[in-house]
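Architecture and fold: a report
Residue strings, one per chain:
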Amino acid sequence: MSDKTTHSIAKNYDGIVLENLNVKGMMKNHNLAKAISDVSWSEFKRQLEYKCRWNDKHFVVIDRFEPTTKICSDCGCIKENMTLNDRIFECEECGLVIDRDWNAAINILKLGCKQLDVDFKNIDFNRLGHNRIYACGEKSSGLNKYHSSETIFNEARKRIVR
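First, a word on what this report is: a plain description of the structure on this page. (Residues numbered from 1 in each chain as written. Predicted model: local features only at pLDDT ≥ 70, side-chain atom pairs only at ≥ 80, totals over all residues. Heavy atoms only, no water.)

**Points about helix α4 (residues 41-54)**
- Between its terminal C-alpha atoms α4 stretches 20 Å, which fits the 20 Å expected from 14 residues at 1.5 Å a residue.
- Here the buried face of α4 lies against α1 (2-12), β1 (15-19) and β2 (58-62).
- Backbone geometry just downstream of α4 places D56 in the positive-phi region, at approximately 55°. (Helix = DSSP H or I, 4+ residues; strand = E, 2+ residues; numbered from the N terminus. Expected span 1.5 Å × (residues − 1). Contact = heavy atoms within 4.5 Å.)

As structure tokens, then:
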């Protein structure tokens, strides 16, 4: 499964930006352990990196200590008191309300663009794989309660690209 998936991703996208997660630490959380071990995340990442390099595509890994879930993807304000139970990011500075995982995804993308010296404003959001891939499974952390992923990315782009 991961061989076909990584091949498809490397073939269809110009670049991939991943966050270097602490998988060993996440395995200690019994709620996450089975899902993480089933995915074989480290093997998936290894294959994806290899295939990106083979296909001359960009592959960027963001350091696990970047506070991607705590930074507002709109104004850059850091929300220190975020916990794992907080599934919606609400910025007290600019008023942005967004799914926590999508906020982190935008921040990860912005950091990847910065490393590649690519202007985030020029990203073609229609080419992102955001309508098929969910960080936490198909029913990811309340996303469906609020907006579709496409709506969230379009709204985030409007707010960020001024």
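**What about the packing of aromatic side chains?**
- Counting across every chain of the model gives 1 aromatic pair.
- Above the plane of the ring of F89 lies K79, whose end atom (NZ or CZ) is 5.6 Å from the centre. (Phe/Tyr/Trp six-rings, centres within 6.5 Å; stacked < 30°, edge-to-face > 60°. Lys NZ or Arg CZ within 6 Å of the ring centre and 35° of its normal.)

**As for the nonpolar core**
- Judged by nonpolar contacts, C72, M82, F89, C91, L96, I98, W102, I106, L109, C113, F120 and I123 together constitute the single largest core of 12 residues.
- The element best represented in this core is helix α5 (residues 100-116), accounting for 4 residues.
- Residues I9, I16, L18 and F44 belong to the second largest nonpolar core, which totals 9 residues. (Core = buried A, V, L, I, M, F, W, Y, C linked by side-chain atoms within 4.5 Å. Buried < 20%, exposed > 50% of the residue type's maximum accessible area, 1.4 Å probe, protein only.)

**Considering the packing of α1 against α4**
- For the pair α1 and α4, interaxial distance at closest approach is 9 Å and the crossing angle is 40°. In terms of orientation, α1 lies oblique with respect to α4. At the point where α1 passes α4, the crossing takes the right-handed sense. The residues of α4 that touch α1, namely those facing S2, D3, T5, T6, H7, I9 and A10, are F44, Q47, L48, K51 and C52. (Axes fitted to C-alpha atoms, helices over the stretch in contact; angles between N-to-C directions. Parallel < 35°, antiparallel > 145°, perpendicular 65-115°, else oblique. Left-handed = near helix turned anticlockwise from the far one by under 90°.)

**A word on unusual backbone geometry**
- Although it is not a glycine, D56 sits at a positive phi angle of roughly 55°.
- Considering the arrangement of structural elements, one finds D56 in the loop between α4 and β2.
- For D56, a relative accessible area of 71% corresponds to the exposed category.
- Backbone geometry at D117 places phi at a positive 60°, although glycine is not the residue there.
- Inspection of the secondary structure puts D117 in the loop between α5 and α6 (143-146).
- Since its relative accessible area comes to 74%, D117 is described here as exposed.

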